[in-house]
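Chain and residue survey
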Amino acid sequence: MSNRITITAQVNGEKVTRDVEPRQSLVDFLREELELTGSHVGCEHGVCGACTVRLNGEIVRGCLTLAVQADGTEVETVEGLSESGEIADLQDAFLRLNAIQCGFCSPGMLITAAELLDRNPAPDRTQIREFIAGNYCRCTGYQTIVDAIETVAKERRDS
Amino acid sequence: MKPSPFAYAKPADLAEALRLKADHGDDGTFIAGGQSLVATLNMRLSSPEILIDIGGVAELSGIEVSDGQVRIGALTRHRDLEDSAQIQTHAPLIAEAITQVAHPAIRNRGTIGGSIAFADPAAELPACILALDGAIEIAGADGRRKVAAGDFFKGLYETDLGAGEMITAVEFAADSDDWRTGFDELARRHGDYAMAGLAARLRMDGEAVAEARLVYFAVGDKPMLAAGAGGELTGNSLSPETIEAAAASLDNDLEPFDDLHSSAAMKLHLARELTRRVLTQIAGGAP
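Cut-offs and rules
- Residues numbered from 1 in each chain as written.
- Chains lettered and ligands numbered in written order.
- Predicted model: local features only at pLDDT ≥ 70, side-chain atom pairs only at ≥ 80, totals over all residues.
- Contact = placed C-beta atoms within 7 Å.
- Helix = DSSP H or I, 4+ residues; strand = E, 2+ residues; numbered from the N terminus.
- Nonpolar A, V, L, I, M, F, W, Y, C, P; charged D, E, K, R; others polar.
- Pairing = 2+ DSSP bridges.
- Axes fitted to C-alpha atoms, helices over the stretch in contact; angles between N-to-C directions.
- Parallel < 35°, antiparallel > 145°, perpendicular 65-115°, else oblique.
- Left-handed = near helix turned anticlockwise from the far one by under 90°.
- Domains from an automatic or database assignment.
- Buried ≥ 20, exposed ≤ 12 C-beta atoms within 10 Å, placed from the backbone.
- Arc of directions from axis to C-beta.
- Core = buried A, V, L, I, M, F, W, Y, C linked by C-beta atoms within 7 Å.

Details of the interface of chain B and chain A
For interface size, the figure often reported is the accessible area lost on association. Taken together, the contacts link 26 residues of chain B with 28 residues of chain A. Listed by contribution, the elements that provide at least two residues to the side of chain B that touches chain A are strand 1 (7-9), helix 2 (37-42), strand 3 (50-53) and helix 6 (104-107) of chain B. The residue makeup of the side of chain B that touches chain A, split by class, is 13 nonpolar, 8 polar and 5 charged.

The following block contains the structure:
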């Protein structure tokens, strides 16, 4: 009953065509079909944010989006954003300021932070905390993550 | 967890979507943003045979304001409401509420029609639409009909939607200058489902409240319009005594039940506290 469906998407700038099961989530598709394992699978019901990816330029939950819904879209993952250098300053600040410990939340956290700074180049700490509230980190206590995002926002404004 | 297998169809227009739904009946489920539905699929709380993806039905999207009426297409995303200058001007209640709906990544996909059709008693938008005294436009095999928000929400995840029907839009009157609005909720983490929330709209006649629509959410099986508390406000100015009387009368208006995170007594306490906070804030902003 569950026929496979052919989808075509731009993933990190590359055109990809695959047959997928309708029930496959976008994050499972990226990890299992395309071996892009930077996006992580955590809670699988939209709470933890570890699976955050970009769809048509906006962050979404990879576990609450079906792969079939990505047909005809542009998908960007932490691999693509790392390669393009778009989030290099965020990645550097996360390392420098100890905002990465186990690293499980980091890809989702970085992509979320990138969207925040796109939409609001000068967020205060409360706005940063609200924006990343959908991304769990069980190591850092968030303080250093907020520090890193705040630092990059300031560095970008100063440069 | 992973969902049970299902088939998938993506109709190009409303007629085809309704036809597919009629063909599959209860075995077919519409999916819009999917931000509640996919979670229930992943947890196997629901297992439809086919998902009918209405994401491609362009006519269901967009915000229009004309003749003092606001019309929001069912597929309009939370993010679109958040970024809309028209919503900011004509429906400040929604503008205030929308930033508390889940998280940015979820607001980028979740839709107003989906939130209203799902009718989670802890959701913000159903409460707002009821506070706005809005109407839900519904399409089915027999054409379109409109239902007042007060008649639409029936109970826990239960609405007036029939088996073959779909929400196409919500409509309400744009707020005129004499309306004051306020919104607040208490959640364990910003963006999580509320333990209690209040969407408030007051029509002022000078210093006095002429009409009050206080809608509480996450404190019952559906959004609750508090008639007693509203009655305490009507005809009076928003003095601390009036506000306290409104808060006290919630004991009669609301009958919350325990949930995972809060007892009924705690929810009632939170609802009273929200009443004080929101009405005091409105009083401060009144002319």
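Once the structure has been displayed, the description carries forward.
Things to note about the sheet that holds strand 2 (residues 28-31) of chain B
Residues and elements named next belong to chain B. Here 3 strands make up an open sheet; going across it, the order is 1-3-2 and the pairing parallel. Both edges of this open sheet fall to strand 1 and strand 2, since each of them pairs with a single strand only. In this sheet, adjacent strand axes meet at a mean angle of 25 degrees when their direction is disregarded. Bridging between strand 2 and strand 3 involves 4 bridges; their strand directions are parallel. In the strand pairing of strand 3, G28 is matched with I50.

As for the packing of helix 3 (residues 88-96) of chain A against helix 4 (residues 106-119) of chain A
All names here are of chain A. Interaxial distance between helix 3 and helix 4 falls to 10 Å at its minimum, and their mutual angle equals 125 degrees. Relative to helix 4, helix 3 is oriented oblique. Of the two possible hands of crossing, helix 3 and helix 4 adopt the one that is right-handed. On helix 4, the residues touching L90, Q91 and F94 of helix 3 are S106, L110, A113 and A114. Here the contact of helix 3 with helix 4 is composed, by residue class, of 5 nonpolar, 2 polar and no charged.

Things to note about the pairing of strand 5 (residues 69-73) of chain B
Residue and element names in this part refer to chain B. As paired strands, strand 4 (residues 63-66) and strand 5 are joined by 4 bridges and run antiparallel to one another. If you follow S66 over to strand 5, its bridge partner there is Q69. The turn linking strand 4 back onto strand 5 is made up of 2 residues, and D67 within it adopts a positive phi angle of 50 degrees. Taken together, the 5 bridges between strand 5 and strand 10 (residues 166-173) define a ladder with antiparallel strand orientation. Residue V70 lies in a different strand from strand 10, and its bridge partner there is F172.

What to know about the domain arrangement of chain A
Residues and elements named next belong to chain A. What the domain assignment lists for chain A is domain 1 (5-81) and domain 2 (87-158). Relative placement of domain 1 and domain 2: their C-alpha centres are 22 Å apart. Contact residues are listed per partner, giving 13 residues for domain 1 and 13 residues for domain 2. Broken down by secondary-structure element, the contributors of at least two residues to the side of domain 1 that touches domain 2 are strand 3 (52-55) and helix 2 (78-84).

Brief notes about helix 3 of chain A
All names here are of chain A. Those residues of helix 3 lying buried are L90, Q91, A93 and F94. Along helix 3, the residues classed as buried sweep out an arc of 165 degrees about the axis, all on the same side. Along helix 3, exposed side chains directed more than 90 degrees from the buried face belong to A88 and L95. Here the buried face of helix 3 lies against helix 2, helix 4 and helix 6 (143-158). Where helix 3 ends, the next residue or the one after it, N98, has phi of about 65 degrees, a positive value.

A look at the environment of I31 of chain B
All names here are of chain B. Locating I31 in the fold gives a position in strand 2. The exposure class of I31 is buried, given the 21 C-beta atoms found within 10 Å. For I31 and A9, which are 22 residues apart along the polypeptide, the C-alpha to C-alpha distance reads 10.0 Å. Those residues in contact with I31, other than ones at most four positions away along the chain, are L37, L51, I52 and D53.

A few points about the nonpolar core
Residue and element names in this part refer to chain B. Ranked by size, the top nonpolar core spans 138 residues in total, and within it C128, A199, V215, Y216 and A271 carry the most contacts. If you tally residues by element for this core, the top one is strand 12 (residues 194-205), at 7 residues. Filtering out sequence-adjacent residues up to four positions away, V215 remains in contact with A127, L130, A131, A199, P223, M224 and L225.

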